[in-house]
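Listed below are the residues making up each chain.
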Amino acid sequence: MAARQAVLLPFSLILALGFIPLLVFSAQAIPLERLKSLRIVKRVNQNGPFLGLITVYAPEEEAFFKTGVFRPDPKHPFVDLSGRRFRVGKVEGKRVIYVRCGVGLVNAAAATQQMLDLFDIKGIIHFGISGNANSSMQIGDVTIPWQLVQTGLWDWLKPNATMEPNDFAQFDFKSYNDPKGGDNQLGRVGYSTEQFYSVSGEVNVPQRPVWFNITKNWLHVASHLQGIKLEQCANSTLCLPEKPKLVVGLKGATSNFFIDNAAYTQFLFKTFGVTSLDMESSAVVMTCLSNGYPVIAIRGLSDLAGTQEGDNTIRLFGSLAALNTAKVVIGFVKSLPGHYVSAF
């Protein structure tokens, strides 16, 4: 006997569910628990539209909910879909759907697409912590980039191979030999741009951008938050030497690497001019832009990505960076004009 129940839906019932624009089929087996979730989604959407809030992993989620600003919907406080819990509620009088996507590019893109496909979303606010590649920024600071790059797309070459003409940048491993001299058999890698499909582009013809831009009017709203008061101490005995700040308008990089290496961090800053280094932001932004939705990314700097002396500081200041990020997210939601979402 199958472990999961499934039901075969007649076309008339499918039509009644109202999901034809999203789930195109005539009749197919759907797990019973998913069918129940989709029914809840339909009822939730009757109270939309919503802002989408997407963070990454448990410490960021804990910091956000500890602020106490999230008020769950009394009727439908959450919907479970594909192993993720989409929470329904409001923040600062605005309706929101919140989800924790999980670490990495695939998780981020999958959760974002699912949110856009199933819920009545007007735009997405993505937030979390990140490494810092910019010496003018400090741990505890929060950055809202205006551009993001996906730095995980590389052509891995032999040591003396010719670079591809469309490679935007190159990373030569032998340049980092210590001591200098000799060949490094790892060779070098050349950066290759994304294949980007979008509603604004030609069908089945990908664009090849290096940078993905944050929605301009949302960035303008965020710029008015500079000067927001952020926390300086992780606890009663552990404080930063300077008051953290919010900076809007820098650049960020995303890849499926947790970066704790000074040489690579310095390479990314020198080559791309990026400040924040994370594992999800560009995937969320790219997915939103592909579908034509407003999006913004907010990242708190938790560590120096390997340029520090000793151990990575994420364990010491990760919670502080997450809290400061949450404070900026709340301020941004509050600052958005009321026409983006309807209040309860």
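In this text the structure is predicted, and so the values were computed from the model without any measurement.

Examining the overall build of the chain
When helices and strands are tallied, the chain shows eight helices and 18 strands. Relative to a compact globule of 344 residues, whose C-alpha radius of gyration would be 20 Å, the chain shows 22 Å and is just as compact. Overall size of the chain, expressed as C-alpha extent along the three principal axes, is 70 × 50 × 45 Å. The burial tally for the chain puts 50% of its 344 residues in the buried class. Put simply, of all contacts in the chain between residues at least 6 apart along the chain, 73% involve residues at least 24 apart.

Some points on the layout of surface pockets
A volume near 260 Å³ is recorded for the largest pocket. Along the walls of the largest pocket sit 19 residues, with I129, S130, F258, M279 and I314 positioned nearest its centre. Looking at the lining of the largest pocket, the elements that each hand over two or more residues are β8 (121-132), β17 (276-278) and β18 (295-303). Taken together, the residues of the lining of the largest pocket sort by class into 11 nonpolar, three polar and five charged. Of the voids in this model, the second largest pocket is the one considered here, and its volume is about 220 Å³. Considering the residues around the second largest pocket, the lining is formed by W154, W156, F171, F173, V189, F257, F258, I259, D260, N261 and Y264. When the residues that make up the lining of the second largest pocket are grouped by side-chain class, the tally is nine nonpolar, one polar and one charged.

Points about the side chain of D303
Among the secondary structure elements, D303 is positioned in strand β18. Of the side chains with opposite charge, R315 lies nearest to the buried D303, which makes no salt bridge, at 9.0 Å. At 3.5 Å, the side chain of D303 and the side chain of N312 are in polar contact. The contacts of D303, once residues within four sequence positions are left out, are S130, G131, N132, I139, I259, N312, T313 and I314.

A look at the packing of aromatic side chains
Considering all chains together, one arrives at 18 aromatic pairs under this definition. Ring geometry for W211 against F272: centres 6.4 Å apart, planes inclined by 75 degrees, an arrangement best described as edge-to-face. With W211 in the loop between β13 (188-191) and β14 (212-213) and F272 in helix α6 (residues 262-272), this pair connects stretches of sequence that are 61 residues apart. Counting every residue linked through ring pairs, the aromatic cluster contains W154, W156, F171, F173, Y176, Y191, W211, Y264, F267 and F272.

A word on the pairing of strand β7 (residues 94-100)
β7 sits mainly inside the fold: six of its seven residues count as buried. As judged from the five bridges shared by strand β3 (residues 50-55) and β7, these two strands associate in the parallel manner. The partner of L51 across the bridge, within β7, is V96. As paired strands, strand β6 (residues 84-91) and β7 are joined by five bridges and run antiparallel to one another. Paired with K90 across the strands is R95, a residue of β7.

Some thoughts on the state of the cysteines
Under the defined criterion, the tally for this structure stands at one disulfide. Paired through a disulfide, C233 and C239 show a sulfur-sulfur distance of 1.8 Å. One quick way to see it: the torsion about the S-S bond of C233 and C239 is about 100 degrees, and its sign makes the bridge right-handed. Accessibility expressed as a relative area gives 37% for C239, which makes it partly exposed. Here C101 stays unpaired: no disulfide links it, and the sulfur of C288, its closest cysteine neighbor, is 11 Å away. For C101, a relative accessible area of 4% puts it in the buried group.

So, the pattern of salt bridges
Counted according to the given criterion, the structure contains six salt bridges. Across the pair D141 and K245 runs a salt bridge whose closest N-O atoms are separated by 2.7 Å. You can see D141 sitting in the loop between β8 and β9 (142-144) and its partner K245 sitting in the loop between α5 (216-223) and β15 (246-248), a full 104 residues away along the chain. Overall, D141 belongs to the buried group, its relative accessible area being 1%. Relative accessible area serves as the criterion here: at 32%, K245 is assigned to the partly exposed category. When the shortest N-O distance is used, the salt bridge between E280 and R299 registers 2.9 Å. Highlighted residues: E280 in the loop between β17 and α7 (281-291) and R299 in strand β18, separated in sequence by 19 residues. Each member of the pair, E280 as well as R299, carries the same accessibility label: buried.

Description of the UniProt feature "domain: Nucleoside phosphorylase" (unreviewed entry) in the chain
The feature "domain: Nucleoside phosphorylase" (unreviewed entry), as annotated in UniProt, sits at residues 60-333 in this numbering. Across residues 60-333, the secondary structure splits into 26% helix and 26% strand, with the terminal C-alpha atoms separated by 17 Å.

Remarks on the pairing of β18
Counting buried residues in β18 gives nine out of nine residues, a clear majority hidden from the surface. One ladder, built from eight bridges, connects β8 with β18; its direction is parallel. From the neighbouring strand, G128 faces β18, where its bridge partner is R299. Pairing between β9 and β18: two bridges, direction antiparallel. From the neighbouring strand, T143 faces β18, where its bridge partner is R299.

Definitions and limits used
- Residues numbered from 1 in each chain as written.
- Predicted model: local features only at pLDDT ≥ 70, side-chain atom pairs only at ≥ 80, totals over all residues.
- Heavy atoms only, no water.
- Helix = DSSP H or I, 4+ residues; strand = E, 2+ residues; numbered from the N terminus.
- Rg over C-alpha atoms; globule rule 2.2 N^0.38 Å.
- Buried < 20%, exposed > 50% of the residue type's maximum accessible area, 1.4 Å probe, protein only.
- Contact = heavy atoms within 4.5 Å.
- 1 Å grid on protein atoms, 1.4 Å probe; cavity = no way out; pocket = protein on both sides within 12 Å on 5 of 7 lines; lining within 4 Å.
- Points joined across faces, edges and corners; volume = space filled by probe spheres on them.
- Nonpolar A, V, L, I, M, F, W, Y, C, P; charged D, E, K, R; others polar.
- Lys, Arg positive; Asp, Glu negative; His and termini not counted.
- Salt bridge = Lys/Arg side-chain N within 4 Å of Asp/Glu carboxyl O.
- Polar contact = N/O pair within 3.5 Å; in protein donor to acceptor, adjacent residues only side chain to side chain.
- Phe/Tyr/Trp six-rings, centres within 6.5 Å; stacked < 30°, edge-to-face > 60°.
- Pairing = 2+ DSSP bridges.
- Disulfide = S-S within 2.5 Å.
- UniProt positions renumbered as here; feature names shortened; annotations may be inferred.

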